[in-house]
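The lines below spell out each chain.
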Amino acid sequence: MMPISEEASGKKRLVVKKLFARQQHEGFGAVVRRSIGRFELRYFDPFLVLDEFSVTAPAGFPDHPHRGFETVTYMLEGEILHEDCEGHKGVIREGGLQWMTAGKGIVHSEMPSSNGNGTTTHNKGLQLWINLSSKHKLVMPSYQETESKDIAEAEKDGVRVRIIAGEWNGVKSKICTRTPTMYLDFTLSPGSKISQHIPLHWNAFVYVLQGHGHFGDARSQHSAASAHHMLILGLGGDRLEAWNGSDSGLPLRFILVGGEPIGEPVVQFGPFVMNTQEEIDQTIDDFENFTNGFEKARHWKSQAASDLGLF
Ligand code: FJE
Ligand code: FE
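Note that the structure is predicted; figures quoted are calculated from it, not measured. (Residues numbered from 1 in each chain as written. Chains lettered and ligands numbered in written order. Predicted model: local features only at pLDDT ≥ 70, side-chain atom pairs only at ≥ 80, totals over all residues. Heavy atoms only, no water.)

I'd like a rundown of the sheet that holds strand β1 (residues 15-20), residues and numbers included.
Strand order across the open sheet formed by seven strands is β1-β22-β19-β24-β17-β14-β13, with antiparallel pairing between neighbours. Edge strands, defined here as strands with exactly one partner in the open sheet, are β1 and β13 (152-156). Between one strand and the next, the sheet's axes are offset by a mean angle of 20 degrees, whatever the strand orientation. In terms of strand pairing, β1 meets strand β22 (residues 229-233) through five bridges, oriented antiparallel. Counted as the bridge partner of L19 is M230 from β22. (Pairing = 2+ DSSP bridges. Helix = DSSP H or I, 4+ residues; strand = E, 2+ residues; numbered from the N terminus. Axes fitted to C-alpha atoms, helices over the stretch in contact; angles between N-to-C directions.)

Here it is in structure tokens:
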């Protein structure tokens, strides 16, 4: 194993919990590996859900609502077509990003875009649900969309990083986050390592996409991990060390995500996330009666779902 150089900066964060994300079925014929949001890891403030999803047409996530949080969809392979009841529509392509603030309410569909030539494509990505604080839960819905070529990237000493949110070595992402969040996609070539700053009081995790790596401190439990593992980092430090010590010669790819905890009560009912049961009851009422943000959903159904004869 590579020696870890001790740097002058603060204390290291250690992995305190490691979880393998098994496959489960969600939506319409879609498969997800859920890590945050499942029973063993209900909520990691401010993060509600992390799904590594995989959809092959005919399948996807047809018409459904959201209120009270943000969804961040980052495509790893293939593409997803999204349509909402306000007429906003587009394709998130490989390497591209959609940062959606559902706020007071959105009804949308997220489906593989049909390529019309009968070819089967595998569409894979990550969807992260980030909670909004009570003062932002009912903001007007909005989107921030970035194509792959416009995502800031940096490379140094065998480390490639795509900056989804936050900054790295002075390179900044254009994404504005209502809940302060960092989201970095790292690829480490064999033998390379990082020592990444994370704000002291933020909750942070690593999710491994590819290869095999070491995280935290070689002497600690759970420090080694491979693809589809969620690593929860403990508090009490302001940086993460990670290295690719593999003999296999393969790159190590993972995301490092951190966020400022909101510290408010969370009452969740499926795709509605509020602070109290009364607010959830109101939300269900609004959704059923097409009020307070759900007006346009009354006469809407997505093209993708209609094409499949789903509604
Ligand atoms: C949802 C079940 C769902 N993970 N990853 C219930 F499947 C969904 C949902 C998604 C989803 C969509 C994409 Cl593109 C990627 C996902 C769950 O749409 F919102 C509820 N409530
Ligand atoms: Fe959705």
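Having seen the model, we can carry on.
Describe the environment of N123, naming the residues involved and giving the relevant values.
Relative to the helices and strands, N123 is located in strand β11 (residues 123-131). Residues N123 and R93 lie 30 residues apart in sequence; the distance between their C-alpha atoms is 9.4 Å.

Which residues make up the sheet that holds strand β10 (residues 106-111), and what values do they have?
With antiparallel pairing, the four strands of this open sheet are ordered in space as β5-β10-β7-β8. Across the chains shown, the open sheet's two edge strands, defined by having one partner strand only, are β5 (61-66) and β8 (89-92). On average, each strand axis in the sheet is inclined to that of its neighbour by 25 degrees, with strand direction left out of account. Bridge count between strand β7 (residues 80-84) and β8: four bridges; the pairing is antiparallel. Counted as the bridge partner of H82 is G90 from β8.

Which residues make up the UniProt feature "binding site: Fe cation" (unreviewed entry) in the protein, and what are the values?
Under the UniProt annotation, "binding site: Fe cation" (unreviewed entry) lies at H64, H66, H108 and E110. These annotated residues cover 47 residues of sequence, and their C-alpha atoms lie no more than 12.4 Å from one another, placing them together at a single site. Lining the largest pocket, from the set of annotated residues above, are H64, H66 and E110. Tracing the sequence through the fold places H64 in strand β5. Other than its neighbours up to four places away in sequence, H64 contacts I106, V107, H108 and E110. Polar side-chain contacts of H64 include one of 2.8 Å to the backbone oxygen of P62. The topology assignment puts E110 in strand β10. Note on E110: relative accessible area 6%, which makes it buried. Those residues in contact with E110 that lie beyond four places of it in its chain are G60, F61, H64, H66, T73, I80, L81 and Q127. Within the structure, the side chain of E110 is placed 3.0 Å from the side chain of H64, a separation counted as a polar contact. (UniProt positions renumbered as here; feature names shortened; annotations may be inferred. 1 Å grid on protein atoms, 1.4 Å probe; cavity = no way out; pocket = protein on both sides within 12 Å on 5 of 7 lines; lining within 4 Å. Contact = heavy atoms within 4.5 Å. Polar contact = N/O pair within 3.5 Å; in protein donor to acceptor, adjacent residues only side chain to side chain. Buried < 20%, exposed > 50% of the residue type's maximum accessible area, 1.4 Å probe, protein only.)

Residues and numbers for the environment of D45, please.
Structurally, the position occupied by D45 is in the loop between β3 (30-34) and β4 (47-55). With relative accessibility at 13%, the residue D45 sits in the buried group. Separated by 157 residues in sequence, D45 and W202 have C-alpha atoms that sit 9.1 Å apart. If near-sequence neighbours (up to four positions away) are discounted, D45 is found in contact with N203, P261, I262 and G263. A polar contact of 3.0 Å, which involves the side chain of D45, links it to the side chain of Y43.

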